[in-house]
Amino acid sequence: MRVLVSGGGTGGHINPALAIAGKIKKEDSTSVIEYVGTEKGLETKLVPKEGYTIHYVKVEGIKRKITLENIKAAFHAITSVGQAKKIIKKFRPDIVIGTGGYVCWPVLKAAASMKIPTIVHESNAYPGVTTKMLSKYVDKILLNFEESKKLLENSKAEISVVGNPVKSEMFELEKDECRRTLGFEKDEKILLSYGGSLGAKVVNATVFEMIEKEMLDKSVRHIHATGNGYWDAACEKFVPQGFRLSDENTLEKEKTTIKRYIYNMPQLMACADAVICRAGAMTVSEIAAMGKSAVFIPSPNVTDNHQYKNAKVLKNADAAELIEEKDLSAKLLSDTVSKILSDEKSMRERAEKVRKFAQPDCLDLIYSEIKKLTK
């Protein structure tokens, strides 16, 4: 089977694409898989690292405001379809799969016009502009959230809810075992907080204030990742307050650890009792897979405010807490976390509710849909 995969811009689009590609290779080692992205996206680093050939098209997102950049974006939206057709003609795929990001538009549009089977996977609760545009052309739309169906009522494609592809270890890691491995006490309360690989200004400022004013119970072990963009600020603030640099990426004082970046996220998340985080689709899916009590702080700076909509689905099901940036304060955040950590019964119930949003056999379901279309 020859498969062309596309998804770009952020890890939330790229990682599901790579997970699907990995599943195809696992099930059929003779498959040939190649990738289409843009030269500006994170895919330029992640895709070659996984060993896949990557092709590029020139396409850009259209801004909400009327700008000169939109004229350029509109031009690329048209010409990129022709570029994608050239890639498709040369590669001759049996199926083309997209996982979001504006690069999917020309690739799947071109494939559909050439009568090649097409699938688009939508990980967010509120389908993106690209998915909505493609819903008129693709054969199949695969969703992460059941709630997304009603927003695609005019789609000509067949729609199925399959979940979001996450690493299998997210379903397999055990809390007690991970705590033993990392040297944590079995019964201590552990809080994990982060705002993404680059970091989030408001999340960092709020968590820094919580740490500085010691707003959490001293028995709580707190691990916070600043992201690369805010590590220097953390060092400047906390080294004078008695935090020591245990290595070039870690500050420590008593039960508080501040890290530049978390490289063993699955293991640390398995250890945690509660998590403070953004609400990107991949983050939400990982929280669900591991059954964690989460306090979501959605980024307001994303298209269609989709992080808020992701978190709201879980909040409505009483499966997570949601604090918007406009309402965020160190006191509100610390009070919310303290309430979660003080109620064992509530944490167990929350774990059951949030796991209902996880789909352990997501990749099996996606592979089944691929096989149906490539018979």
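Before reading further, recall that the structure is shown in the block above.
Below or above, wherever it landed, is the structure these notes cover. Remember, it's a predicted structure, so these values are computed and weren't measured experimentally.

Considerations on the overall build of the protein chain
Step number 1: A count of helices and strands for the protein chain gives 15 helices and 15 strands.
Step number 2: On C-alpha atoms alone, the protein chain measures out to a radius of gyration of 21 Å, which is about the 21 Å that the 2.2 N^0.38 rule sets for 375 residues.
Step number 3: Counting every position in the protein chain, which comprises 375 residues, the buried fraction comes to 52%.
Step number 4: In the protein chain, once contacts between residues fewer than 6 apart in sequence are set aside, the share between residues at least 24 apart is 63%.
Step number 5: Accessible surface for the protein chain amounts to roughly 18000 Å². Of this, 49% is attributable to carbon and sulfur atoms.
Step number 6: Computed over 58 positive and 49 negative side-chain charges, the separation of the two mean positions in the protein chain equals 6 Å.

What about the sheet that holds strand β11 (residues 250-253)?
Step number 1: An order of β10-β11-β12-β9-β8-β13-β14-β15 is seen for the eight strands of this open sheet, with the pairing classed as mixed. Two strands bound the open sheet, and with one partner strand each, they are β10 (244-247) and β15 (321-322).
Step number 2: Relative to strand β14 (residues 293-296), strand β13 (residues 274-277) runs parallel, the two sharing four bridges. What sits directly across from V275, in β14, is A294.

Considering unusual backbone geometry
A negative phi angle characterises most non-glycine residues, just as the trans form characterises most peptide bonds.
Step number 1: The phi torsion at E214 lies on the positive side, around 50 degrees, for a residue other than glycine.
Step number 2: Counting through the fold element by element, E214 comes out in the loop between α8 (201-212) and β9 (221-225).
Step number 3: At D318, a residue that is not glycine, the phi angle is positive and equals roughly 55 degrees.
Step number 4: Of the residues examined, D318 reaches a relative accessible area of 38% and is grouped as partly exposed.

Topic: empty space enclosed by the protein
Step number 1: Throughout the structure, instances matching the rule amount to one cavity of 30 Å³ or more.
Step number 2: Considering the residues around the largest cavity, the lining is formed by N164, V166, F171, S285, F357, A358 and Q359.
Step number 3: Residues of the lining of the largest cavity, tallied by class, amount to four nonpolar, three polar and no charged.

Side note on the sheet that holds strand β6 (residues 140-143)
Step number 1: Spatial ordering of the open sheet is given by β3-β2-β1-β4-β5-β6-β7, a layout of seven strands whose pairing is parallel. Lying at the two open borders of the sheet, with one neighbouring strand each, are β3 (53-56) and β7 (158-161). On average, each strand axis in the sheet is tilted by 20 degrees relative to the strand beside it, whichever way the strands run.
Step number 2: Bridge analysis of strand β1 (residues 2-6) against strand β2 (residues 32-37) gives five bridges, and the strand direction is parallel. Looking at β2, one finds that V5 is bridged to Y35.
Step number 3: Contacting β1, β2 and β4 (95-98), helix α1 (residues 11-27) crosses the sheet at an angle of about 170 degrees to β2.
Step number 4: Running over the sheet, helix α15 (residues 362-373) touches β4, β5 (118-122), β6 and β7 and is turned about 160 degrees from β5.

Description of the layout of surface pockets
Step number 1: Considered as a void within the structure, the second largest pocket measures approximately 480 Å³ in volume.
Step number 2: Around the second largest pocket, the lining is made up of 24 residues, and of these K175, A272, D273, G291 and K292 lie nearest the centre.
Step number 3: Element by element, the count of residues in the lining of the second largest pocket is highest for helix α14 (residues 344-355), at five residues.
Step number 4: Tallied by class, residues from the lining of the second largest pocket come to nine nonpolar, two polar and 13 charged.

Section: the packing of aromatic side chains
Step number 1: For the coordinates displayed, the defined rule picks out four aromatic pairs.
Step number 2: Consider the rings of W105 and Y137, whose centres lie 6.0 Å apart with planes at 65 degrees: the pair is edge-to-face. Here Y137 lies in the loop between α5 (129-134) and β6 and W105 lies in helix α4 (residues 104-113), a separation of 32 residues in the sequence.
Step number 3: Under the relative-accessibility criterion, W105 is labelled buried at 14%.
Step number 4: When its relative accessible area of 37% is taken as the criterion, Y137 is described as partly exposed.
Step number 5: Through successive ring pairs, a cluster of aromatic residues spans F208, F238 and F243.
Step number 6: A cation sits over an aromatic face here: K109 above Y137, 4.9 Å from the ring centre.

Basis of the calculations
Residues numbered from 1 in each chain as written. Predicted model: local features only at pLDDT ≥ 70, side-chain atom pairs only at ≥ 80, totals over all residues. Heavy atoms only, no water. Helix = DSSP H or I, 4+ residues; strand = E, 2+ residues; numbered from the N terminus. Rg over C-alpha atoms; globule rule 2.2 N^0.38 Å. Buried < 20%, exposed > 50% of the residue type's maximum accessible area, 1.4 Å probe, protein only. Contact = heavy atoms within 4.5 Å. Areas by Shrake-Rupley, 256 points an atom, 1.4 Å probe, with all protein chains shown as cover. Lys, Arg positive; Asp, Glu negative; His and termini not counted. Charge placed at Lys NZ, Arg CZ, Asp CG, Glu CD. Pairing = 2+ DSSP bridges. 1 Å grid on protein atoms, 1.4 Å probe; cavity = no way out; pocket = protein on both sides within 12 Å on 5 of 7 lines; lining within 4 Å. Points joined across faces, edges and corners; volume = space filled by probe spheres on them. Nonpolar A, V, L, I, M, F, W, Y, C, P; charged D, E, K, R; others polar. Axes fitted to C-alpha atoms, helices over the stretch in contact; angles between N-to-C directions. Phe/Tyr/Trp six-rings, centres within 6.5 Å; stacked < 30°, edge-to-face > 60°. Lys NZ or Arg CZ within 6 Å of the ring centre and 35° of its normal.

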